[in-house]
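# Coordinate inspection notes
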Amino acid sequence: MTSPDGPKTSSSFRGTQVTDDGAGPKILEHSHRLLVVDGPDRGVEVEIQATKLTIGSSSSNDLVLQDTTVSRRHALLAVEGDRYVLRDLESTNGTVLDGTPVKEAYLAPGARIRLGDTEILFQPRKKWERIDVSESDHFGALYGTTGTMKSVFSLLAKLAPTDLSCIIIGETGTGKELAARAIHEHSPRDGKPFIVVDCGAISENLIESELFGHERGAFTGADRSRTGAFEAAHEGSVFLDEIGELPLELQPKLLRVLERKEVKRLGSTKLLEIDVRVIAATHRDLPQMVKEGKFREDLYYRLAEVVVELPPLRDRLGDVPVIAERILTEFSNDGPVPRLADDAVDSLQRRSWSGNVRELRNVLKRAVVLANGPLLTSRDLALDTGGPLRDSGALGRTPGPPAAGPMEVSEDLPIKEARDRWVAPMEREYLVRIIKRCDGDLDKAAEEAGIHRKSLERLLRQHGLKAADFR
């Protein structure tokens, strides 16, 4: 895909403003010169740096017209891939491109757009700016020293001050929400709301209300009004996590909200103007979903003004020590910061980390709880087996039946039973240590273990343990 006046766009970032001409990545900035050549606003001229802009009589548009024949939200101009698109926003008097009425059409530089009694000359410009490799070892709460991550940090730093929409892609556990928060916190919207919507965790019949809100009585069970995510995030950012899980039938409604910058609660007739930045994330291949008809192409391009790809941890194992150090600092609770012995670092850097940074965090959290001192060794990490980490005799024997040990596991057992027998000693040891460390306080122990208290109580019963024995 070749731009008529610039370098080739990387296929990895199709439809975005990130390019690579062989000498390194660049960010492509678009500006649009709009000159009113006929109508009540004749002579008005604006130049707008954006990949999308709206035209209408409402003051919230990028080009505001006084023409009474122009609708509040009349038309949208957008960059989609290497083309420019003109889209009518259900205006009263329609949109005409070079003499032809259109609902949606591609337009070329020099095109003339008529909205009501107004005619506008369209003159786009492009500018490429090199993305230098960051000298920092972090951006927000993302950490790394490898060239891969420093390039990501540079792109995020360049992206953050703009108002571009963004899709963050990466495997589960790579830190997509951390990247989204960092973009928000380094933008002019910092201090305004940052609203998270997990599109994969909300039932299909509730997600529309979650996004757009509802009025009392809008549907069965709606006993009170609800503010939706977009309304709540006004002047801030909305993070749409797992956007690939958004139901296909809801995607046109989301696109309409993004283009018109207006939201209407379910059960209401009132349109609310909104000013939000949208950051989305997914582990899915959205371009492939577009090809398969599972995700709308126009919504993809509307969201993917810039695509940021977070690499899996296995592809940047050199970052493991700095990430681990940061995680251990968080776990110190203002006490001595746990340290990793050389053999522990070596073990961590040999692991494939299918769960990425999230898995690393869990491994280190367990090690901190189970270790007897601040220096963590490879044995404390328990990466190779689920067996006991240490002899629990130092803690004192606790009541309850002993769990089956790893040596009792046979290949004749079903895999689930074999796995349970292998993991049981480590799990019991973990429970003993964390309950003892929290002096039998189940609420505190559950919080440190990252599980609900009810789940902790169930595990204690399974292993024949009682919190009272540790007070």
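Source: prediction; values computed, not measured.

## Describing the overall build of the chain
For the chain, the count of helices and strands is 14 helices and 25 strands. Considering the chain as a whole, with its 471 residues, one finds that 49% of them fall into the buried category. Across the chain, contacts joining residues at least 24 apart in sequence account for 61% of those joining residues at least 6 apart.

## Structural notes on the sheet that holds strand S15 (residues 166-169)
Ordered by their spatial adjacency, 5 strands build an open sheet running S16-S19-S22-S15-S23, and the pairing between neighbours is parallel. What marks the edges here is a single partner per strand, and that holds for strand S16 (194-198) and strand S23 (306-309). With strand direction ignored, the average angle separating the axes of adjacent strands in the sheet is 20°. Its contacts with the sheet place helix H1 (residues 147-159) against S15, strand S22 (277-282) and S23, and it is angled at close to 150° to S23.

## A closer look at the nonpolar core
Of all hydrophobic cores here, the largest spans 33 residues; its most connected members are Leu211, Phe230, Leu240, Ile243, Leu246, Phe295 and Tyr300. Counting only elements with at least two residues in this core, the list comes to helix H3 (204-212), helix H4 (229-232), strand S19 (237-241), helix H5 (251-260), S22, helix H6 (286-291) and helix H7 (297-303). Once residues lying within four places of it in the same chain are set aside, the contact partners of phenylalanine 295 are Ile243, Gly244, Leu248, Gln251, Leu286, Met289, Val290, Tyr300 and Leu303.

## Examining the packing of aromatic side chains
One pass over the full model with this rule turns up 4 aromatic pairs. For the pair phenylalanine 212 and phenylalanine 230, a centre-to-centre distance of 6.1 Å together with 35° between the ring planes defines the contact as tilted. Of this pair, phenylalanine 212 sits in helix H3 while phenylalanine 230 sits in helix H4, and the two are 18 residues apart along the sequence. Taken as a pair, phenylalanine 212 and phenylalanine 230 share a single burial class, namely buried. Cation over ring: arginine 83 sits above tyrosine 106, and NZ or CZ is 4.2 Å from the ring centre. Of note, arginine 351 hangs over the ring of tryptophan 353, and the distance from its end group to the ring centre comes to 5.2 Å.

## Some points on the pattern of salt bridges
If you walk through the whole model with that rule in mind, you get 30 salt bridges. The shortest N-O distance in the salt bridge between arginine 260 and glutamate 262 comes to 3.6 Å. Exposure class is identical for arginine 260 and glutamate 262. Each is buried. The network of salt bridges with shared partners includes Asp38, Arg112, Arg114 and Glu119.

## A word on the environment of aspartate 38
You can see aspartate 38 is positioned in strand S2 (residues 25-38). By relative accessible area, which is 33% here, aspartate 38 ends up partly exposed. Remark: the alpha-carbon pair of aspartate 38 and glutamate 119, spanning 81 residues in sequence, is separated by 4.9 Å. Apart from residues no more than four positions distant in its own chain, aspartate 38 is found in contact with Arg114, Asp117, Thr118 and Glu119. A polar contact of 3.1 Å, which involves the side chain of aspartate 38, links it to the side chain of arginine 114.

## A word on the side chain of serine 91
Tracing the chain through its elements places serine 91 in the loop between strand S7 (83-88) and strand S8 (95-97). At a separation of 3.2 Å, a polar atom in the side chain of serine 91 contacts the side chain of histidine 74. With sequence-adjacent residues up to four places away left out, serine 91 is seen in contact with Ser71 and His74.

## Quick notes on the confidence of the model for the chain
With 83% of its residues at a pLDDT of 70 or more, the chain has an overall mean of 81. In the model of the chain, strand S1 (residues 18-20) stands out as the element of lowest mean pLDDT, 52, in contrast to strand S11 (residues 112-115), which has the highest, 97. Every residue in residues 1-17 scores below 50 in pLDDT, and together they form 41 contacts with partners more than four places removed in sequence or on other chains. Taken together, the stretch residues 384-410 has pLDDT below 50 and engages in 55 contacts with residues farther than four places along the chain or on a different chain.

## Observations regarding the sheet that holds strand S10 (residues 104-107)
Overall, mixed pairing links the 5 strands, which are arranged S5-S4-S6-S7-S10 in an open sheet. In this open sheet, the two edge strands, each paired with only one partner strand, are strand S5 (63-64) and S10. Across 4 bridges, strand S4 (residues 52-56) lies against strand S6 (residues 75-80) in antiparallel orientation. Bridge pairing in S6 places threonine 54 opposite leucine 76.

## Here we look at H3
Within the span of H3, buried status applies to Ile207, Glu208, Ser209, Leu211 and Phe212. Positioned one or two residues after H3, glycine 213 has a phi angle of 85°, which is positive.

## What to know about the packing of helix H8 (residues 320-330) against helix H9 (residues 342-349)
Contact geometry for H8 and H9: axes closest at 10 Å, N-to-C directions at 115°. Crossing angle aside, the handedness with which H8 passes H9 is right-handed. For the pair H8 and H9, contact is made by Val320, Pro321 and Ala324 and by Val345, Leu348 and Gln349, respectively. Among the residues making up the contact of H8 with H9, the classes are represented as 5 nonpolar, 1 polar and no charged.

## Digging into unusual backbone geometry
You will see that glutamate 235, though not glycine, has its phi angle at about 75°, which is positive. Tracing the backbone through its elements, the reader meets glutamate 235 in the loop between H4 and S19. Its relative accessible area of 35% is what places glutamate 235 among the partly exposed residues. With phi around 55°, aspartate 439 is a residue other than glycine that occupies positive phi space.

Calculation criteria
Residues numbered from 1 in each chain as written. Predicted model: local features only at pLDDT ≥ 70, side-chain atom pairs only at ≥ 80, totals over all residues. Heavy atoms only, no water. Helix = DSSP H or I, 4+ residues; strand = E, 2+ residues; numbered from the N terminus. Buried < 20%, exposed > 50% of the residue type's maximum accessible area, 1.4 Å probe, protein only. Contact = heavy atoms within 4.5 Å. Pairing = 2+ DSSP bridges. Axes fitted to C-alpha atoms, helices over the stretch in contact; angles between N-to-C directions. Core = buried A, V, L, I, M, F, W, Y, C linked by side-chain atoms within 4.5 Å. Phe/Tyr/Trp six-rings, centres within 6.5 Å; stacked < 30°, edge-to-face > 60°. Lys NZ or Arg CZ within 6 Å of the ring centre and 35° of its normal. Salt bridge = Lys/Arg side-chain N within 4 Å of Asp/Glu carboxyl O. Polar contact = N/O pair within 3.5 Å; in protein donor to acceptor, adjacent residues only side chain to side chain. pLDDT = per-residue confidence, 0-100. Left-handed = near helix turned anticlockwise from the far one by under 90°. Nonpolar A, V, L, I, M, F, W, Y, C, P; charged D, E, K, R; others polar.

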